[in-house]
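Residue-level structure breakdown
Residue-level listing of the chains:
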Amino acid sequence: MKRILTGDRPTGRLHVGHYAGSLQNRVRLQHEYETFIIIADVQALTTHFEKPEMLLKNVFEIAIDNLSVGIDPNISKIFIQSMIPQIAELTIFYSMFVSTNVLKHNPTIKSEAAQYGYNDLTYGFLGYPVSQAADITFCKADLVPCGDDQLPHIELTRKIVRRFNSLYKPILTVPEALLGNSPRLPGIDGNAKMGKSLGNAIYLSDSSEEVNLKIKNAKTDTNRILLKDKGNPNLCTVFQYHKAFNSLESDNIMEMCKKAGIGCVACKKCLSNAMNIVLDPIREKRKEYEGNMDLVKEIVFTGTEEIRKHAEETMREIRSAMSIGYF
Ligand code: TRP
């Protein structure tokens, strides 16, 4: 069976952008692939090292987000990055042959650095794509469901694998990225990126009232001021959400908007309904897991224990390929 490795940083709860970009694919593919989900707490420290205590809560929030969208703990494994020290070891080995210039030019590193206002990058932040390559390769993953911002990291991983395989021994798997069905969802304010720090996200854990209110205030086509003005759905944030969460009606909405046959208020109501239909069963499951934190912890603990076995197995091969082993 081929393998999936994917995951998230525990810097906050997951939102509908994560759902459309990656979670939906994980849930769908977990029956076809052996699925490993990493809670990347070490990677979260690259931006949140001043408040490491936030990891404690968020690690389990992310676990619950994954479980409530339909990750089945009986077939998929959820694990914590820092509890697999082999990942740190592999990161160090890879870092010997990754050029710092390549990292400095990584578009995602650049845009995140701008977002956080960094001008002097820490070693850990600049190097996190190398650590991500270790996440993906220690378990020889074939496929990485992810958002398009992760593509530069997957590309780097592929380069690292090829380099490793030619330098030492061909034992690592070249992974492929798998993007979500719809293009990246913008924030409700129209910002190209939806994010916690930007305050423009709809969370999987939001109540239906919160979702309704957020959509009510979401940005539309700003050229459309009056009901009789014709809209341009391609310039409208709300329409991007229709495509992702209301695909059956989205063509119709597009036509109606273009000829001013539907107003923004009605269009938004229609979207809220569609999103709540998707989110309701997720909310139900979340409630169950939130009421049984012991079970959530048990799932993550056993997942991590099992993953560690794979990690040590691969590291043995890697150390041997590199002739590291002295006694
Ligand atoms: N960089 C990813 C994010 O910001 C999180 C992540 C860490 C990841 N390791 C990974 C994603 C491995 C896919 C595969 O969301």
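Quick caveat: nothing in here was measured; it's all calculated off a predicted structure.

A tally of helices and strands in the protein yields 14 helices and five strands. For 327 residues, the compact-globule formula gives about 20 Å, and the C-alpha radius of gyration of the protein, at 21 Å, lands near that figure. Counting only C-alpha atoms, the protein reaches 80 × 45 × 40 Å along its principal axes. Burial analysis of the protein (327 residues in total) assigns 53% to the buried set. Restricting the contact set of the protein to residue pairs at least 6 apart, pairs at least 24 apart contribute 76%. Accessible surface, the protein: about 15,900 Å² in total, of which carbon and sulfur atoms supply 55%.

Turning to the site of the ligand, a few remarks are in order. Near the ligand there are 13 residues, and of these R9, Q43, Q132, D135 and Q150 occur at the shortest range. Here an oxygen atom of the ligand and a side-chain polar atom of R9 are 3.1 Å apart. With respect to the ligand, the side chain of Q132 contributes an N or O atom lying 2.9 Å from a nitrogen atom. For the ligand, whose accessible area on its own is 370 Å², the fraction buried by protein is 91%. Within the residue set of the shell around the ligand, elements represented by two or more residues are β1 (3-8) and α8 (128-138). Residue contributions to the shell around the ligand peak at four residues, all from β1. Its residues placed into classes, the shell around the ligand shows five nonpolar, five polar and three charged.

This part is about the domain arrangement of the protein. Domain boundaries assigned for the protein yield domain 1 (3-185 + 293-321) and domain 2 (208-286). When each unit is reduced to the centre of its C-alpha atoms, the spacing between domain 1 and domain 2 is 33 Å. Contacts between the two partners involve 12 residues from domain 1 and, on the opposite side, 10 residues from domain 2. Looking only at domain 1, the three residues that lose the most surface to domain 2 are V16, S68 and L185, adding up to 49% of its buried area. Across the domain 1-domain 2 interface, the total number found is one salt bridge. D65 is paired through a salt bridge with R286; the nearest N and O atoms lie 2.5 Å apart. Those elements that place two or more of their residues in the side of domain 1 that touches domain 2 are α1 (16-29) and α3 (54-69). Here the element with the most residues in the side of domain 1 that touches domain 2 is α3; it accounts for six residues. Considered class by class, the residues forming the side of domain 1 that touches domain 2 number seven nonpolar, three polar and two charged.

Each aromatic ring pair is summarised here by two numbers: the centre-to-centre distance and the angle between the ring planes. Counting across every chain of the model gives nine aromatic pairs. Ring plane angle 85° and centroid distance 5.2 Å describe the contact between Y118 and F125, whose orientation is recorded as edge-to-face. The exposure class assigned to Y118 is partly exposed, which follows from its relative accessible area of 25%. F125 sits in the buried class, given a relative accessible area of 1%.

Our next topic: the pattern of salt bridges. Summed over all chains, the structure comprises 18 salt bridges. We note a salt bridge from K287 to E284, for which the minimum N-O separation is 3.8 Å. A residue pair is termed a helical-turn pair when its members lie 3 or 4 positions apart in one helix, as K287 and E284 do in helix α13 (residues 264-290) at three residues. Ionic pairing is found between E312 and R316, a salt bridge with its closest N-O pair at 4.0 Å. Of this pair, E312 and R316 both sit in helix α14 (residues 293-321), separated by four residues, roughly a single helical turn. Overall, the relative accessible area of 53% leaves R316 in the exposed class. Connected through shared salt-bridge partners, E89, E312, R316 and R319 make up one network.

Ranked by size, the top nonpolar core spans 47 residues in total, and within it V16, L185, I202, L204, Y241 and M275 carry the most contacts. Mapping this core onto the domain boundaries places at least three of its residues in each of domain 1 (3-185 + 293-321) and domain 2 (208-286). Ignoring sequence-local partners within four residues, the contact set of M275 consists of V16, I202, V211, I215, Y241 and F245. Judged by nonpolar contacts, the second largest core, of 39 residues, contains I84, A113, Y128 and I160.

What follows covers the side chain of T237. Along the chain, T237 falls in helix α11 (residues 237-245). One polar contact links the side chain of T237 to the main-chain carbonyl oxygen of K219, over a distance of 3.4 Å. In this structure T237 touches P186, G187, I188, G190, K219 and T220, once residues within four positions along its chain are discounted.

Let us look at the pairing of strand β2 (residues 34-39). By the criterion of burial, β2 is predominantly enclosed, with five of the six residues buried. On the question of chirality, the crossover connecting β1 to the parallel β2 by way of α1 is right-handed. Pairing of β2 with strand β3 (residues 76-80) involves five bridges; the strand directions are parallel. Across the sheet, residue I38 finds its bridge partner in β3, namely F79.

Basis of the calculations
- Numbers given to residues run from 1 along each chain, matching the order in which its sequence is written.
- This being a predicted model, a pLDDT of at least 70 is required before a residue's local features are given, and a value of 80 or more before pairs of side-chain atoms are given or counted; all residues contribute to the totals for chains, interfaces and linings.
- Hydrogens and waters are ignored; side-chain quantities use all the structure's heavy atoms.
- Each helix is a run of DSSP H or I of at least 4 residues and each strand a run of E of at least 2, with the numbering of both proceeding from the N terminus.
- Based on C-alpha atoms, the radius of gyration is set beside the globule rule, defined as 2.2 Å times the residue count to the power 0.38.
- Relative accessible area decides the class of each residue, using a 1.4 Å probe on protein chains only: under 20% of the type maximum gives buried, over 50% gives exposed, and in between gives partly exposed.
- For this analysis, residues touch if any pair of their heavy atoms sits within 4.5 Å.
- Under the convention used here, a 1.4 Å probe and the Shrake-Rupley method define accessible areas, while residue burial counts only the protein chains that appear.
- When we say a residue is near a molecule or strand, we mean one of its heavy atoms is within 4 Å of it.
- By the criterion applied in these results, polar contacts are pairs of N or O atoms within 3.5 Å in which, for protein atoms, one can donate a hydrogen and the other can accept it, and in which residues neighboring in sequence qualify only through two side-chain atoms.
- Lys, Arg, Asp and Glu make up the charged group, whereas Ala, Val, Leu, Ile, Met, Phe, Trp, Tyr, Cys and Pro make up the nonpolar group; the residues left over, Gly among them, are polar.
- Each domain span listed reflects an automatic or database assignment of domains.
- Note on definitions: buried area is the accessible-area loss of two parts on being combined, 1.4 Å probe, summed for both.
- For this document, the term salt bridge refers to a Lys or Arg side-chain nitrogen within 4 Å of an Asp or Glu carboxyl oxygen.
- Whether two aromatic rings pair depends on their centres lying within 6.5 Å, for rings of Phe, Tyr and Trp, where Trp uses its six-membered ring; planes under 30 degrees apart make the pair stacked, over 60 edge-to-face, and the rest tilted.
- Among buried residues, those of type Ala, Val, Leu, Ile, Met, Phe, Trp, Tyr and Cys that are joined through side-chain atoms within 4.5 Å constitute a nonpolar core.
- Call a crossover right-handed when, viewed with both strands pointing away from you, the route from the first strand across the helix to the second goes clockwise.
- Strand pairing follows a simple DSSP-based rule, namely that at least 2 bridges must link the two strands.

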